[in-house]
Amino acid sequence: RDDWLLLSASSRMLEAWPDFALACEGPNTEAKPFLLDELGVDFFLRIQLKSRKVIWFTDPISGVVFHSAAKSTSAQGGRM
């Protein structure tokens, strides 16, 4: 995992903090997906999923449940 960079009070520079971590735990299933508000709306831009862990989430506009391993089918006329 990558370290978080936090502002150091003494050096006033961003420094790696290997002991600092955040976790969002939940059921993470199709029946009980995360809300994007729980993950953070920029989750998939911030987090590079380096494992095959699937994240289930609800689209806040449509209410449709998706997962992070979904492939876009829009080129074949399907939905994204």
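Above this note sits the structure.
Reading the values: rules and limits
- Residues numbered from 1 in each chain as written.
- Predicted model: local features only at pLDDT ≥ 70, side-chain atom pairs only at ≥ 80, totals over all residues.
- Heavy atoms only, no water.
- Helix = DSSP H or I, 4+ residues; strand = E, 2+ residues; numbered from the N terminus.
- Buried < 20%, exposed > 50% of the residue type's maximum accessible area, 1.4 Å probe, protein only.
- Pairing = 2+ DSSP bridges.

**Student:** How would you summarise the environment of K32 if you had to cite specific residues and measurements?
**Tutor:** Relative to the assigned elements, K32 resides in the loop between strand 2 (14-17) and strand 3 (34-35). Under the relative-accessibility criterion, K32 is labelled exposed at 54%. A C-alpha to C-alpha distance of 9.2 Å links K32 and V65, two positions 33 residues apart in sequence.

**Student:** For the pairing of strand 1 (residues 4-7), give the residues involved together with the corresponding values.
**Tutor:** Across 4 bridges, strand 1 lies against strand 2 in antiparallel orientation. Directly across from L7, in strand 2, lies its bridge partner L14. Hairpin connection between strand 1 and strand 2: a loop of 6 residues separates the two successive antiparallel strands, and R12 in this loop has a positive phi of roughly 55 degrees.

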